[in-house]
Amino acid sequence: MAIDFRIRNFFYPVGIYRLNRTLEKTQWLPRDELLAYQERRLTAILDQAYNHVPYYRRLFKTLGLTPADIRCVDDLKKLPLLSKDIVCKGGTDFIADNAKRYDPVTYSTSGTSGVPMRIQLDKGARILEFVYYWRHWGWAGYRLGDRFAELRTYFFLGRNSDAVSLWQPHLRGLMLNSNQVSFSRAKKMAEAIRRYRPKFLKGMAATLYFLALSFKQAGITDISFRAVFSTGEVLTPQYRAMMEQVFGCPVMDSYGHMEGAVAISQCMEGGYHINSDYGLLEFENPQPSEDGTAMVGRAVGTSLYNFAMPFIRYDMGDDIEFFPETEICPCGRTLPLVKVIHGRRDDIIITPDGRLVTNMFVLPELVEGIRFAQFIQESSTVLNVNVVPGETWTEGESEKLSCYVKKLTGKEMNVRMHQITQNDIITDASGKTRTVISYVKPRD
Ligand SMILES: [Zn+2]
């Protein structure tokens, strides 16, 4: 998620303190009390959507419903699923007419899907985001003020795209340039980590893996953390094993989107907990999983906090395996467990100078007018960028995107821009669309 973190958007000490006290308790609540908490929040969101969000006002009227008809989680099924496409087309229809009361900030996000979208997160949603991360990191022993390192792409694109790292004293964070992860730069990265001694490391799964791999190849064995936090894409057993071996600590995975409707995070015991006090997760069209030990369904989320732009029954586009019976985690938290998340898997771009680019998906949101973008590496020096243009797509934006691609992949890469239609988007055998496809495979 390419959110450019600005402290002023999160500077609500009283709100953060209060919500933190609440969420410290809700994670241990008996299940029925947790459900009651969730339903109280849901009722408030539905009332807001019905009274103040044009899209939902119309939807409820068309269906002949009022919020009073939706008293519990099961009743939510009376409302249809919401797709990203509907949100993109609906535009301001999804923004509450009283949004200003809730101090919203607009963010542009493509998540990891290649489809950019503008969303508003109000004060409550931003406080929630902060507290959610604080709590998850706290499971691994993090205390506010502890030093951390974070692998980032967007942060460096807007500043110095060749820098390996940048220390941010006000965050107590060491920003590591995920676009500079390579064998030849491993020693520089390690030097920065030794100098600032971060206790925790955060990043996207593939980038973290390649950082660990580059350290291993460079013979760097003295870098360790208390925990590594992996986000944004599938954390494969291979990725996890490499990180645990090189960084000598547990890897804690998490799943979520900027839309703020669902958050799942792994505890130190390895359990994947649904943060049901953050958002409401349903499983659409559940089927037995391949090995028959679990069920698998499409993840559908509902915001419990964002009054400026609530998402109700939002299709997250990912399948999740869950347990048919209630499982208890050895950590003692009552937040329900899921088994496996089948999230995003993209290919890696390998640059002519040997770097591995894992974060191409941040680019579509940096320019105007893209409906969808797909990056296809044809050979070691040729990269095709296929864009499904929206109404505001121009030659200027095309050049801008091409420049960003070159910033990430280097001057030697031939970047070829193409305009395509929706029908030309390449999908894999299962019908899934990947943002990055490469016919050049990395060496292990
Ligand atoms: Zn647990």
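Given the structure is predicted, the values throughout are model-derived calculations rather than measurements. (Residues numbered from 1 in each chain as written. Predicted model: local features only at pLDDT ≥ 70, side-chain atom pairs only at ≥ 80, totals over all residues. Heavy atoms only, no water.)

> I would appreciate a short explanation of the packing of helix α1 (residues 13-26) against helix α5 (residues 123-139) in the present structure.
Packed helix pairs are specified by the crossing angle of their axes together with the interaxial distance, meaning the distance between the axes. At their nearest, the axes of α1 and α5 sit 9 Å apart, and the two run at 50° to each other. Viewed along their axes, α1 and α5 adopt a mutual orientation that is oblique. Seen from above, α1 lies across α5 with right-handed handedness. Note on element contacts: α5 touches α1 through Ile127, Leu128, Phe130, Val131, Trp134 and Arg135, opposite Gly15, Ile16, Leu19, Asn20, Leu23, Glu24 and Thr26. Its residues assigned to classes, the contact of α1 with α5 comprises eight nonpolar, three polar and two charged. (Axes fitted to C-alpha atoms, helices over the stretch in contact; angles between N-to-C directions. Helix = DSSP H or I, 4+ residues; strand = E, 2+ residues; numbered from the N terminus. Parallel < 35°, antiparallel > 145°, perpendicular 65-115°, else oblique. Left-handed = near helix turned anticlockwise from the far one by under 90°. Contact = heavy atoms within 4.5 Å. Nonpolar A, V, L, I, M, F, W, Y, C, P; charged D, E, K, R; others polar.)

> Would you explain the pattern of salt bridges in this entry?
Scanning the model with the defined rule gives 17 salt bridges in all. Note that aspartate 93 is salt-bridged to arginine 58, the shortest N-O span being 2.6 Å. Here the residue aspartate 93 occupies a position in the loop between α4 (84-90) and β1 (105-109), and arginine 58 occupies one in helix α3 (residues 54-63), the gap between them amounting to 35 residues. Under the relative-accessibility criterion, aspartate 93 is labelled partly exposed at 22%. The salt bridge involving arginine 194 is made with aspartate 222; its shortest N-O contact spans 2.6 Å. Pair noted here: arginine 194 is in helix α7 (residues 186-196) and aspartate 222 is in the loop between α8 (205-217) and β7 (227-231), with a separation of 28 residues, a long-range link. Given a relative accessible area of 40%, arginine 194 falls into the partly exposed group. Look at the salt bridges and you will find they share partners, linking Lys77, Glu282, Glu284 and Arg313 into a network. (Salt bridge = Lys/Arg side-chain N within 4 Å of Asp/Glu carboxyl O. Buried < 20%, exposed > 50% of the residue type's maximum accessible area, 1.4 Å probe, protein only.)

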